[in-house]
Amino acid sequence: MSDTAIMPASSVPVKERFLGVDVARGVALFAMLAANIWDAAIGAVDDAGQPTLAGMTVFGRSATLFVMVAGISLAFISGGRHPRQGRDRRATVVGLIVRALLIAAIGLALGYAASDNLVVILPFYGLFFLLAIPFIGLRPRTLALIAAGVALVGPLLLLAATSLDLKPVNDGSLTFTDLFTNPGGFVLQLFVTGYFPAVVYMAYIFVGMAIGRLDLSSTRVAARLLVSGLVLTVVAWFTSSLLLFKLGGLQQLIAAAGPDADPATIRNDVLWDADRMDTWWWLAVRSHHSATPIDAIHTIGVAMAVIGAVLLITKHRAAARVLWPVGVAGAMTLTIYSAHALVLGTGVLGDEPLALYLASVAGALVLALLWRHFLGQGPLERLVSTASGRARRAALGWRWIADRNDTGSTPQAR
C-alpha cells in the first residue's frame, strides 16, 4: 500500500486521499474522544488538586490537531498544491460556504443533546471554514506568516476581552436558541469568549492550509514537519518554564488569584487548567485551551509533529495496513464525533471513563469499517459533500461566475 489510498471522500471532493492525512485525522478524533470523556469524568486537575494523565496529554492538543487537519482538508478542497483559479475557485467558494453552514448547523443541533461538560466544536468549525475562504489562494509561506501573526495577536484580543469582563453566552455548547436570542453574544463567543476562539484558532487552520499546499507524498516534507514540530514544541515549553519559574510569572499569577487561593492548587491550575486572567503574565501560560501565544506555538508544534510522524509511518506497507482502519474512521469524523456527543449526553458509563473510551473507540472502528464496506461515505459526510458538491456545480453554471465580463450587465443563470 502506498502513502495514498482510494477511499470515499468525506472531506475533500476528490477520489484520491492521503492515507496519512486520514490517519492523522483519526488520531485527532480518538484523542478528542479521550479528552471529552475524561474531562467529563475527572477534568484536567483531580479533586486532590493534581493534574490527570489526560490533562497532561490529550487535553487541548487533540482539538488543535483536529482543527489543523481541517486546514489540510481545506487546502485539498481548493486545489491542493495548485490552488484553483478563476471560475473554478469562485465555484469552490460557493461549495465551501455551503459546507461551512451545514457543519455549523449540525453542531448547533447537537448542542441541545450534548453533555453540559462538552463544548461541541462544530459551530466554531463552520466559522473557521468561512473565515479561511479569502485565503485559499495563498502560498504556504504566506499562510505560515499569517498563522504566526494570529498566534501572537489573537491572545492579546483575548486578554482585552478578559479586561472588559466579556462573558460567553453559556459555558456549554452553542445552539440555535443562542443564535436568535443573543446574536451579538453568539458571535462574540465564536470569535473571542468561547472555548475555541477564532481569533486564535484560525492560526491552526492557516498552518494546516500551508501544510496541505505541500507535497505530502515527499518523505523530506514529512520529516521536516516532524522535526520542525518537535522544535516548536520544546521551545514553547521551555520558554513558558523560563517565564513562569525563573522570571517570577507563576508567583504573579498566584498573587492575581487572590489572597485566599491555595498556592499549590493555583500552581497546578496555572500549569494544566488555567482560566484567563487579567494580567500580562497570563500570556506565559501553556495550559490546555488557554490560547496564549505559548499554548498556540506549543500545540501547533505537537500537531505538526504528529502529522509528520503519521505521514512517515504510513509510508511503510505493514504500518499502513495496521493503521488503515484508523484512516477509515478518520474519513468519518463528522459522523463519529456527532454520535460521540450524543452518547456523552446520555451520561452512560459516566463514572467509568476507561470503559466508555474503549467502547467508543471500538464502536467507532466497527461502525466506520462496516459503513464504508456496505454504504461508502458516512451519513453526515455524504450529506455535507453532496450538498456542497451540488452547490459548486450549480455555481459553475452561473453566468456571473463562469463568464464575468466588463459590460456590467445583470448576472443571469444559464
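All values reported here derive from a predicted model rather than from experimental measurement.

Draft legend 1. Main features of the overall build of the protein. On a plain count of helices and strands, the protein comes out with 18 helices and two strands. Viewed in the frame of its principal axes, the protein has a C-alpha envelope of about 70 × 55 × 45 Å. Distance between charge centres in the protein, computed from 31 positive and 24 negative side chains, equals 20 Å.

Draft legend 2. Just the packing of aromatic side chains, in detail. Scanning the model with the defined rule gives 12 aromatic pairs in all. Judged by centre distance (4.8 Å) and plane angle (70°), the ring pair of Phe135 and Phe206 falls under edge-to-face. Highlighted residues: Phe135 in the loop between helix H5 (122–132) and helix H6 (140–163) and Phe206 in helix H9 (residues 198–212), separated in sequence by 71 residues. Residue Phe135 is classed as partly exposed on the basis of its relative accessible area of 26%. Ring centres of Phe196 and Tyr201 lie 5.6 Å apart, and the angle between their planes is 90°; on these two criteria the pair is classed as edge-to-face. Like Tyr201, Phe196 is buried.

Draft legend 3. Quick look at unusual backbone geometry. The backbone of Ala291 shows a phi angle near 60°, a positive value even though the residue is not glycine. With respect to the helices, strands and loops of the structure, Ala291 is situated in the loop between helix H12 (263–272) and helix H13 (293–313). Backbone geometry places Leu349, a non-glycine residue, at a positive phi of 55°. Topologically, Leu349 is positioned in the loop between helix H15 (333–346) and helix H16 (353–375).

Draft legend 4. How the structure looks around a nonpolar patch on the surface. On the surface, a nonpolar cluster with roughly 390 Å² of combined accessible area is contributed by Leu152, Val153, Leu157, Leu232 and Ile297. The element contributing the most residues to the nonpolar patch is H6, with three residues. In this structure, Val153 sits in helix H6. Given the relative accessible area of 46%, Val153 is considered partly exposed.

Draft legend 5. Looking closely at the pattern of salt bridges. According to the stated counting rule, one finds five salt bridges in the structure shown. Across the pair Asp22 and Arg25 runs a salt bridge, and its minimum N-O distance is 2.5 Å. On the criterion of helical spacing, the pair formed by Asp22 and Arg25 is a turn pair, its members being three residues apart in helix H1 (residues 19–41). Arg25 gets classed as buried once you look at its relative accessible area, which sits at 7%. In this structure, Arg81 engages Asp215 in a salt bridge whose closest nitrogen and oxygen atoms are separated by 4.0 Å. Here Asp215 lies in the loop between H9 and helix H10 (219–246) and Arg81 lies in the loop between helix H3 (61–77) and helix H4 (86–110), a separation of 134 residues in the sequence. Given a relative accessible area of 27%, Asp215 falls into the partly exposed group. What emerges from the salt-bridge pattern is a single network uniting Arg84, Asp88 and Arg392.

Draft legend 6. Structural view of the side chain of Thr233. Counting through the fold element by element, Thr233 comes out in helix H10. Under the relative-accessibility criterion, Thr233 is labelled buried at 14%. A polar atom in the side chain of Thr233 sits 2.8 Å from the backbone oxygen of Gly229.

Draft legend 7. Layout of H1. Relative to the 33 Å expected for 23 residues at 1.5 Å per residue, H1 spans 33 Å between its end C-alpha atoms, a close match to the ideal helical length. Counting buried positions over the 23 residues of H1 gives 19, a clear majority of the element. Looking at the residues trailing H1, positive phi occurs at Gly43, about 105°.

Draft legend 8. Fine view of the environment of Ala34. Residue placement: Ala34 occurs in helix H1. Assessed through its relative accessible area of 8%, Ala34 is described here as buried. For Ala34, the contacting residues outside a window of four places in its chain are Val58 and Tyr357.

The rules behind each value
- Throughout, a residue's number is its position along its own chain's written sequence, starting from 1.
- A pLDDT threshold of at least 70 governs which residues receive local features in this predicted model, and a stricter bar of 80 or more applies before side-chain atom pairs are shown or counted, although totals over entire chains, interfaces and linings include all residues.
- Note that water and hydrogens are dropped before the side-chain values are worked out from all heavy atoms of the structure.
- Each helix is a run of H or I in the DSSP string that is no shorter than four residues. Each strand is a run of E no shorter than two, and both are numbered from the N terminus.
- Charge assignment: positive for Lys and Arg, negative for Asp and Glu; neither His nor the chain ends contribute.
- For charged residues, the charge sits on one atom: NZ in Lys, CZ in Arg, CG in Asp, CD in Glu.
- Within 6.5 Å between ring centres, the rings of Phe, Tyr and Trp (the latter by its six-membered ring) count as paired, and their orientation is classed by plane angle as stacked under 30 degrees, edge-to-face over 60, tilted in between.
- Each residue's exposure class comes from its accessible area (1.4 Å probe, protein chains only) as a fraction of the maximum for that residue type: buried when under 20%, exposed when over 50%, partly exposed otherwise.
- The patches described consist of residues with a relative accessible area above 30% and no salt bridge, like charges being joined within 9 Å and nonpolar side chains (Val, Leu, Ile, Met, Phe, Trp, Tyr) within 5 Å.
- To measure how exposed things are, a 1.4 Å probe is used in the Shrake-Rupley method; for residues, cover is taken only from the protein chains shown.
- Any Lys or Arg side-chain nitrogen located within 4 Å of an Asp or Glu carboxyl oxygen qualifies as a salt bridge.
- Definition of a polar contact: a pair of N or O atoms within 3.5 Å, with one able to donate and the other able to accept a hydrogen when the atoms are protein atoms, and with sequence-neighbouring residues admitted only if both atoms are side-chain atoms.
- Helix span, expected: 1.5 Å multiplied by one less than the number of residues in the helix.
- What makes two residues a contact is simply this: any of their non-hydrogen atoms within 4.5 Å.

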